[in-house]
Every structure is written in C-alpha cells, then in structure tokens.
Amino acid sequence: MNETPSVGIHDMSFATTHYVLDLDELARHHNVNPAKYHVGLGQDAMSVPAPDEDIVTMAATAAAPILQRHGTDHLRTVLIATETGIDQAKAAALYLHPLLGLPSTTRVVELKQACYAGTAAVQMAAGLIARDPNQQVLVIASDIAHYQLDTPAEATQGAGAVALLVSADPAIARLDPVCGLYSADVMDFWRPNYRTTPIVDGHYSITSYLAAAAQAWRDYSGRGGRDLSEFASFCYHQPFTTMAFKAHHHLMCSAGITPDPTAIHAALRYTTDYNRVIGNSYTASLYLALTSLLDHAGDLTDAPIGLLSYGSGAVAEFFSVTVVPGYREHLRTTATSQAISSRKPIDYDDYRALHDTHLPTDGGRHVLDEHTTGGFRLAGVTNHIRVYETC
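Keep in mind that this is a model prediction, so the values were computed, not measured.

1. Quick look at the nonpolar core
Part 1 of the reasoning: Val139, Leu164, Cys235, Leu290, Leu294 and Leu300 are the most contacted members of the largest nonpolar core, which has 46 residues in total.
Part 2 of the reasoning: Judged by nonpolar contacts, the second largest core, of 42 residues, contains Ala155, Leu228, Ala247 and Tyr348.

And the structure:
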C-alpha cells in the first residue's frame, strides 16, 4: 500500500498597499502618547489602500509570483478568504482569471468567517489534495481592516494579502494531522450588510479570543496533540501584536504552565515583525505571522510550529505545521521586505481623505486616477461592474 503523501505549504507570497501611515501621526492627531500604540498595542504603522486598490488587487499581487514560479498545470482550486468582500454573490477570485490567466478548469470559492476564514481555506485545500495528490490549491487571504475615525479601533487598521500554494510533498511546511476546534455564537465583532465599518466590542472581543483559544487548545490536547513544550514557536492571529502575547500567556495558563515572560518572548519574538508595521490584515494576519517567523528566525528545519487561528463571532482552531528541510530556498524574504519598505508615507490629512473615499454607487461610468505602483489596479466602475487592469 502506498504511503499517503504529506500536504502543506509549498510556496507563500505577500502583498500590501501603496500607502502607509506612521502611528506617530495618528498619536499627534489624537493628542496621545505614541507609546499607547507602540507599546500598548504593539503597532508602529498601518497600510492604507489607495483608491485604486482593494482585496482583488492585493490578492493578484500576492498570487502572481507563485504562478510565475509554479505555473497552473496542476492548479484545480482557488480559494479567497476575506471578510471585506466586494460582492454579495460573486467570488472575488473570479476577477483573477483575466488578471492572472487562471485556467477555466478551476474551482473558485470565496470563504467567510471573520479572521478565521484563511485557515478554513487551508483545511479545505488539504482535504482536496488528500483525495487527489496531483492537484494544487491556491489559497489567498486578502483583507482591509477599516474602522470608524476617532474610535479606539482606528489604530489597529491595516491591509494585506498572503497567498499560499498548498500541495502534496510541500517545500516549506507540512500540515500536521491533529487540530483542535471551538465555535460559539458571540457578538464581539460583526458588520451588517448595511454598514461599511464593523461594530466592535473591544473588551469582549479580547475575552472571547482568549476563551476560544483555550477551548481550541483543550480540544487539540484531547485529540492527542503535542505537548505545549514541544513547539519551537507559536503564531497567533494578530489584530494587534500584543494580542499574540496575551493569547500565549493565557494558553500557558490553560495548559497548567506558569507563564514565564522570557519564554513567551522567545516563542513569539519573530512572529510580529510584519504585522507590527502592516496593521490588522484579518484573514491574512496569522499567515503573515508565519511568514515573519520563517523569514527572521534561525534554522527551523523539522521544527513544529503551533498556530492559533481566531475569527470573531466566533471560531478558533489550534493546529500545527512542521517545517521541512530546504524551506529557506523557497522563501520570498527580500520581496516581502520590499513590499513593506516601498509603501509611500502619508500624513494624517491624506489618510483621512483616503479613509472617506468610497466607490460611486449610481451605476455610471467612473474612471479612477492611478495611485498604486503595484502590478494590478482597480481602473474604474461602469454599470456597477468593477474593471481591473494590469499596470
């Protein structure tokens, strides 16, 4: 009998927006000590989308290098995970067909469950590949966190996309078989169809996150998962980076371990570098943490990495990956660094103007000015149809 091949992350790529706001600018506007953001939230800056950028342009930019490297011969499914979708019916991934030259013989789905949806897409991909190891699945988590001005959540905005190629015999990390799950109906964060910004109960969202993390870990442990001490590092969903440290502290307590600040720092230190300067990227956040870890840590060959995915509402999953030999040859560390450093800084007035920019809804023909220097842009809207182009 043939041994079932491992399934996991074969390639990964990141994209973000054209603009960036340093949180010192926001602190000056709010007349607060910048430490409130830099230390309290663990955030230094946030990506801000240009008027001609959205989840589709970021998704295309993140996915293009993967398709250039691997082609599309084995690509059978494209999954976009997002909680900032652009249409109530049509999957955002369908707009990628003309932009990226996707095969027509491709299953395309958009998944939604707050910030957890990226992990749902990864698990769906793993199931498809277990059935047919010859196929590959492109998972793209792409989101724009957009909150009301002058609210506590404003400093945790951000935007980004992470594309993952999931395949058999992966070149970066294989998915381990055990996972722990938890879901419950809670109203900590939600966005009704008639609102452009979410409703957030900040304190309740934090406590819901911590409770869900503990329950997902309990389920993972009960199903024969690894002991907490066996993991080389941990990646958490990061609505703001200090939340990862709060979550790991809580997880250690839940596992009956006395929290040690030094150990917590060592377990998470390399996972927050990118999220700290990008801001909250919702579905992409966890996988940006994993990208940061792989790019900045020492050799992680054969190391198990714990991942905690959380989506308000709420769903949580604790699972793990094991880094495979030779993974460094497949990372895109330089490209990720360039995507972050090439953003154009803006002042608070420019940010505020961009924040209040909305696409027309009258069904007329509207052409958008060029802002982004990325590979793809939203050129305009005509008859309620979004028109994209390659730059």
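2. Let's talk about the environment of methionine 252
Part 1 of the reasoning: If you trace the backbone, methionine 252 turns up in helix α7 (residues 241–254).
Part 2 of the reasoning: Methionine 252 sits in the buried class, given a relative accessible area of 7%.
Part 3 of the reasoning: Separated by 182 residues in the primary sequence, methionine 252 and histidine 70 have C-alpha atoms spaced 40 Å apart.
Part 4 of the reasoning: Ignoring anything within four residues of it in the chain, the contact list for methionine 252 reads Leu228, Ile257, Thr258, Pro259, Asp260 and Ile264.

3. A closer look at the sheet that holds strand β3 (residues 45–48)
Part 1 of the reasoning: Read across the open sheet, the three strands follow the order β3-β2-β15; overall the sheet is mixed. Either end of the sheet is taken by a strand with one partner, and the two such strands are β3 and β15 (344–345).
Part 2 of the reasoning: Where strand β2 (residues 19–22) meets β3, four bridges bridge the pair, whose relative direction is antiparallel. For leucine 21, the partnering residue across the bridge sits in β3 and is methionine 46.
Part 3 of the reasoning: Against the sheet, helix α1 (residues 23–30) contacts β2 and β3, and its axis sits at roughly 50 degrees relative to β2.

4. Comments concerning helix α12 (residues 348–355)
Part 1 of the reasoning: Tyr348, Tyr351, Leu354 and His355 are the residues of α12 that are buried. The buried residues of α12 occupy an angular sector of 125 degrees when projected down its axis, which confines them to one face.
Part 2 of the reasoning: Those residues of α12 that are buried are in contact with β2, α1 and β3.
Part 3 of the reasoning: Where α12 begins, the capping side chain belongs to aspartate 347, and its oxygen is found 3.3 Å from the backbone nitrogen of aspartate 349.

5. Let's talk about the pattern of salt bridges
Part 1 of the reasoning: One pass over the structure, following the stated rule, counts 10 salt bridges.
Part 2 of the reasoning: When the shortest N-O distance is used, the salt bridge between arginine 69 and aspartate 11 registers 3.2 Å. Here arginine 69 is found in helix α3 (residues 55–70), whereas its partner aspartate 11 is found in strand β1 (residues 7–15), with 58 residues between them in sequence.
Part 3 of the reasoning: Classification of arginine 69 by relative accessible area gives partly exposed; the value is 38%.
Part 4 of the reasoning: Linking arginine 377 and glutamate 389 is a salt bridge whose minimum nitrogen-to-oxygen distance equals 2.8 Å. Note that arginine 377 is positioned in strand β17 (residues 376–382) and glutamate 389 in strand β18 (residues 385–390), a separation of 12 residues in sequence.
Part 5 of the reasoning: Taking relative accessible area as the criterion, arginine 377 reaches 3% and is therefore assigned buried.
Part 6 of the reasoning: Owing to a relative accessible area of 31%, glutamate 389 belongs among the partly exposed residues under this scheme.

6. Points about unusual backbone geometry
Part 1 of the reasoning: Look at the link from glycine 313 to alanine 314: it is a cis peptide, with omega at 5 degrees.
Part 2 of the reasoning: Secondary-structure assignment places alanine 314 in the loop between β13 (304–311) and β14 (315–323).
Part 3 of the reasoning: Despite not being glycine, aspartate 169 shows a phi value in the positive range, around 50 degrees.
Part 4 of the reasoning: With respect to the helices and strands, aspartate 169 occurs in the loop between β7 (158–168) and β8 (173–175).
Part 5 of the reasoning: Even without glycine at this site, asparagine 383 takes up a positive phi of about 55 degrees.
Part 6 of the reasoning: With respect to the helices and strands, the residue asparagine 383 is situated in the loop between β17 and β18.
Part 7 of the reasoning: You can call asparagine 383 exposed: its relative accessible area is 54%.

7. Concerning the UniProt feature "domain: Hydroxymethylglutaryl-coenzyme A synthase N-terminal" (unreviewed entry) in the chain
Part 1 of the reasoning: The feature "domain: Hydroxymethylglutaryl-coenzyme A synthase N-terminal" (unreviewed entry), as given by UniProt, occupies residues 7–169 in the numbering adopted here.
Part 2 of the reasoning: Measuring from the first to the last C-alpha atom of residues 7–169 gives 6 Å, for a span that is 31% helix and 31% strand.

8. A word on the pairing of β13
On a regular strand, each side chain points to the face opposite its neighbour's, so the side chains alternate between the two faces of the sheet.
Part 1 of the reasoning: Of all eight residues in β13, eight are buried; the element is thus mostly enclosed.
Part 2 of the reasoning: The alternating pattern of β13 places Pro304, Gly306, Leu308 and Tyr310 on one face and Ile305, Leu307, Ser309 and Gly311 on the opposite face, and all of these are buried.
Part 3 of the reasoning: Relative to β13, strand β12 (residues 233–236) runs parallel, the two being bridged by four bridges. The partner of tyrosine 236 across the bridge, within β13, is leucine 308.
Part 4 of the reasoning: Note: β13 against β14, eight bridges, orientation antiparallel. Residue proline 304 lies in a different strand from β14, and its bridge partner there is threonine 322.

Cut-offs applied
Residues numbered from 1 in each chain as written. Predicted model: local features only at pLDDT ≥ 70, side-chain atom pairs only at ≥ 80, totals over all residues. Heavy atoms only, no water. Core = buried A, V, L, I, M, F, W, Y, C linked by side-chain atoms within 4.5 Å. Buried < 20%, exposed > 50% of the residue type's maximum accessible area, 1.4 Å probe, protein only. Helix = DSSP H or I, 4+ residues; strand = E, 2+ residues; numbered from the N terminus. Contact = heavy atoms within 4.5 Å. Pairing = 2+ DSSP bridges. Axes fitted to C-alpha atoms, helices over the stretch in contact; angles between N-to-C directions. Arc of directions from axis to C-beta. Polar contact = N/O pair within 3.5 Å; in protein donor to acceptor, adjacent residues only side chain to side chain. Salt bridge = Lys/Arg side-chain N within 4 Å of Asp/Glu carboxyl O. UniProt positions renumbered as here; feature names shortened; annotations may be inferred.

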